[in-house]
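So you can see what is in the structure, the chains are spelled out below.
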Amino acid sequence: MAFDKEKILSMCNAFSKNTLMETLEIEFIDAGDDFLVAKMPVNPRIHQPMGLLHGGASVALAESVGSAASMLFVNPEESEIRGIEISANHLRSKKEGIVFGTAKIIHKGRSLHLWEIKITDEEGKLISLCKLTNMVLQIKNK
């Protein structure tokens, strides 16, 4: 089956309806065989009290794009994805604009996926570096 970027992006954005991703205005914008990219606006809605991008919003972006990326490697009728560990190093602050989360696969096992997620600004400067471990769960018959 050929890789269909538009179908994947449409599916990821549809999954975001009525979720935290929609609340944070996260939009999936690019995909490849081993990566997925989403963007999120930086505005007062996601600031911490000092007027900067909240680290928790960055982590939410990272987990959202990394978990969605894991879905690209499983059959959603047979498996579900659960994030089981995430770490983040916040390296640069941001007051306004857009940040991009790019998830790249580090390890793709049958039961665990390990992702590196780089959160960058419009100029490609690194804002946060995150690592996400996802567990692949088999859906039990109902």
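Above this text you will find the structure in question.
Let me sum up the structure you'll find in this document. (Residues numbered from 1 in each chain as written. Predicted model: local features only at pLDDT ≥ 70, side-chain atom pairs only at ≥ 80, totals over all residues. Heavy atoms only, no water.)

Brief notes about the packing of aromatic side chains
Right, so step 1: Tallied over the entire structure, the rule returns 1 aromatic pair.
Right, so step 2: For the ring pair Phe 73 and Trp 115, a centre distance of 5.9 Å and an interplane angle of 15° mean the geometry is stacked. Pair noted here: Phe 73 is in the loop between helix 3 (55-71) and strand 3 (79-90) and Trp 115 is in strand 5 (residues 112-120), with a separation of 42 residues, a long-range link.
Right, so step 3: Accessibility expressed as a relative area gives 0% for Trp 115, which makes it buried.
Right, so step 4: The lysine or arginine in question, Lys 108, covers the ring of Phe 73, its NZ or CZ lying 4.4 Å from the ring centre. (Phe/Tyr/Trp six-rings, centres within 6.5 Å; stacked < 30°, edge-to-face > 60°. Helix = DSSP H or I, 4+ residues; strand = E, 2+ residues; numbered from the N terminus. Buried < 20%, exposed > 50% of the residue type's maximum accessible area, 1.4 Å probe, protein only. Lys NZ or Arg CZ within 6 Å of the ring centre and 35° of its normal.)

Thoughts on the pairing of strand 1 (residues 27-32)
Right, so step 1: Of the strand pairs in this sheet, strand 1 and strand 2 (residues 35-42) are connected by 5 bridges, and their pairing is antiparallel. Paired with Glu 27 across the strands is Lys 39, a residue of strand 2. (Pairing = 2+ DSSP bridges.)

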